[in-house]
Amino acid sequence: MNIDVCNGDADGLCAVVQWRLHDPQAARLVTGLKRDIELLERVQAVRGDKLLVCDVSMRRNRLPLMRLLAAGVSVRYFDHHEVDEIPSHPLLDAHIDAASDTCTSLLVDRHLGGKFRAWAVVGAFGDNLTGVAEGLAVDMGLTFQDRRRLQSLGESINYNAYGDSAQDVHISPAQLYQKLVRYPDPLRFLECEVLGRELDVLRQEDLRRAQAWPPHLQNERVGVYFLPDAPWSRRVSGSLGNTLASAEPLRAHAVLTHTAAGDFAVSVRAPLHSPTGAAAFCRRFGGDGRAGAAGIDHLPADQLERFIDAFSGARWGNS
């Protein structure tokens, strides 16, 4: 049996889309929303099964990964999150690169020799690697208009992954994947499916609502924003973080969303001009992520003041 495991954001989905266009075998998909990280815990596999893992933190999934390898499951692993140590095992084929200018879709693209590069461009745009994605798209000879279409698609797929439950998002990541993988060219997907336009309209509406909320704290180094507990705010937190990072590349940004439990979900973006330190910072508060972008699933209310003080005082970028 083939089993594909990926994060439900643009990077994860576009990575698996590339692989399955390259190797179109039947596979069971295991995915979830953006903050569904421990996905290997959900995998039941036996000796001889083949597992493809994309854009899922190995640090957060090490124990179930070792369980699967010990059971005789072969694992091909593509990821760009920081990891303490990559296990050495004959059944593990790991492609891990935590550099701030790459993402999982680009790692798969590298492995496949650019075979479905337009999908890697979509994944990179979705991961806010705008400069890298733009450069690849220009090298492909894509027009300015088509580059903007791919950027909108990547950002919209990424937006669709944010939420606390399936009720928050427009379409589940698993259902979205089934539509994406039908098309070797994402521009063809946009021509044939209304879904891309629907997601973009919803994303723009939610962004307008979020941008109406003033910053809680803003100076030349950081910006901190609070959003209310609502489906639209849960959906847009990541998009808002990326938008702020692109508009103000010298600042680090934190978007905190109130939750029904009384704590906060946090999206952190390091300064785009020097995207380092986000994951290390979030790990101080029980979160994780990558160098440029990270998050905290549950920040207790009694830790809020400490978080803001630490965030505003951290050495972001070259400061």
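The rules we used
Residues numbered from 1 in each chain as written. Predicted model: local features only at pLDDT ≥ 70, side-chain atom pairs only at ≥ 80, totals over all residues. Heavy atoms only, no water. Helix = DSSP H or I, 4+ residues; strand = E, 2+ residues; numbered from the N terminus. Buried < 20%, exposed > 50% of the residue type's maximum accessible area, 1.4 Å probe, protein only. Contact = heavy atoms within 4.5 Å. Pairing = 2+ DSSP bridges. Axes fitted to C-alpha atoms, helices over the stretch in contact; angles between N-to-C directions. Right-handed = clockwise from strand over helix to strand, strands pointing away. Phe/Tyr/Trp six-rings, centres within 6.5 Å; stacked < 30°, edge-to-face > 60°. Lys NZ or Arg CZ within 6 Å of the ring centre and 35° of its normal.

K.L.:
Explanation requested: the environment of Gly289 in the structure shown.
P.N.:
For Gly289, the position within the fold is in strand β10 (residues 288-289). Since its relative accessible area comes to 14%, Gly289 is described here as buried. Gly289 sits 126 residues away from Gly163 along the chain, and the two C-alpha atoms are 17 Å apart. Non-local contacts of Gly289, meaning those with residues more than four positions away in its chain, are made with His81, Glu82, Ala279 and Ala294.

K.L.:
When you look at the sheet that holds strand β5 (residues 92-96) in this model, what are you seeing that I'm missing?
P.N.:
The pairing of strands in a sheet happens through backbone hydrogen bonds and is either parallel or antiparallel. Strand order in the open sheet made by the 5 strands is β2-β1-β3-β4-β5, with parallel pairing throughout. In this open sheet, the two strands that pair with only one neighbour each are β2 (28-30) and β5. Going across the sheet, the axis of each strand differs from the next one's by a mean of 10 degrees, ignoring polarity. This element, helix α2 (residues 62-70), spans β3 (50-54), β4 (74-79) and β5 of the sheet and lies at about 150 degrees to β4.

K.L.:
Explanation requested: the pairing of strand β8 (residues 252-258) in the structure shown.
P.N.:
Moving residue by residue along a regular strand, the side chains alternate between the two faces of the sheet. For β8, the tally of buried residues reaches 6 of 7 residues, placing the bulk of the element in the interior. Note: strand β7 (residues 222-227) against β8, 6 bridges, orientation parallel. Across the sheet, the residue bridging to Gly223 is His253, located in β8. Crossover β7 to β8 through helix α10 (residues 231-247) is right-handed. Two strands pair when backbone bridges link them, and β8 and strand β9 (residues 264-269) are joined in this way by 6 bridges, in the antiparallel orientation. Counted as the bridge partner of His253 is Arg269 from β9. The loop that links β8 with its antiparallel partner β9 comprises 5 residues; one of these, Gly262, has a positive phi angle of about 95 degrees.

K.L.:
Where do I start with helix α3 (residues 104-112) in this structure?
P.N.:
Counting along an α-helix, one turn takes 3.6 residues, and residues three or four places apart therefore face a common direction. Of all 9 residues in α3, 7 are buried; the element is thus mostly enclosed. Turning to α3, its buried residues are Thr104, Ser105, Leu106, Leu107, Val108, Asp109 and Leu112. Against the buried residues of α3 lie α1 (10-22), β3, β4, β5, α4 (117-126) and α5 (130-139). Gly113 sits one or two residues past α3 and shows a positive phi near 70 degrees.

K.L.:
For this particular structure, what's the right way to read the packing of aromatic side chains?
P.N.:
Ring pairs (aromatic) are described by centroid distance and by the angle formed between their planes. A complete count under the given rule lists 10 aromatic pairs for this structure. Between Phe226 and Phe264, the ring centres sit 5.8 Å apart and the planes meet at 70 degrees, which makes this aromatic pair edge-to-face. Linking Phe226 in strand β7 with Phe264 in strand β9, this pair joins segments that are 38 residues apart in sequence. As far as burial versus exposure is concerned, Phe226 and Phe264 are alike and both buried. When the centroid spacing of 5.5 Å and the interplanar angle of 55 degrees are considered together, the rings of Phe281 and Trp316 count as tilted. Separated by 35 residues along the polypeptide, Phe281 in helix α11 (residues 278-283) and Trp316 in the segment after α12 (304-313) bring together distant segments of the chain. Each member of the pair, Phe281 as well as Trp316, carries the same accessibility label: buried. Among the aromatic residues, those joined into a cluster by ring pairs are Phe281, Phe285, Phe307, Phe311 and Trp316. For the cation-ring pair, Arg148 lies above Phe144, with the distance from its terminal atom to the ring centre recorded as 4.9 Å.

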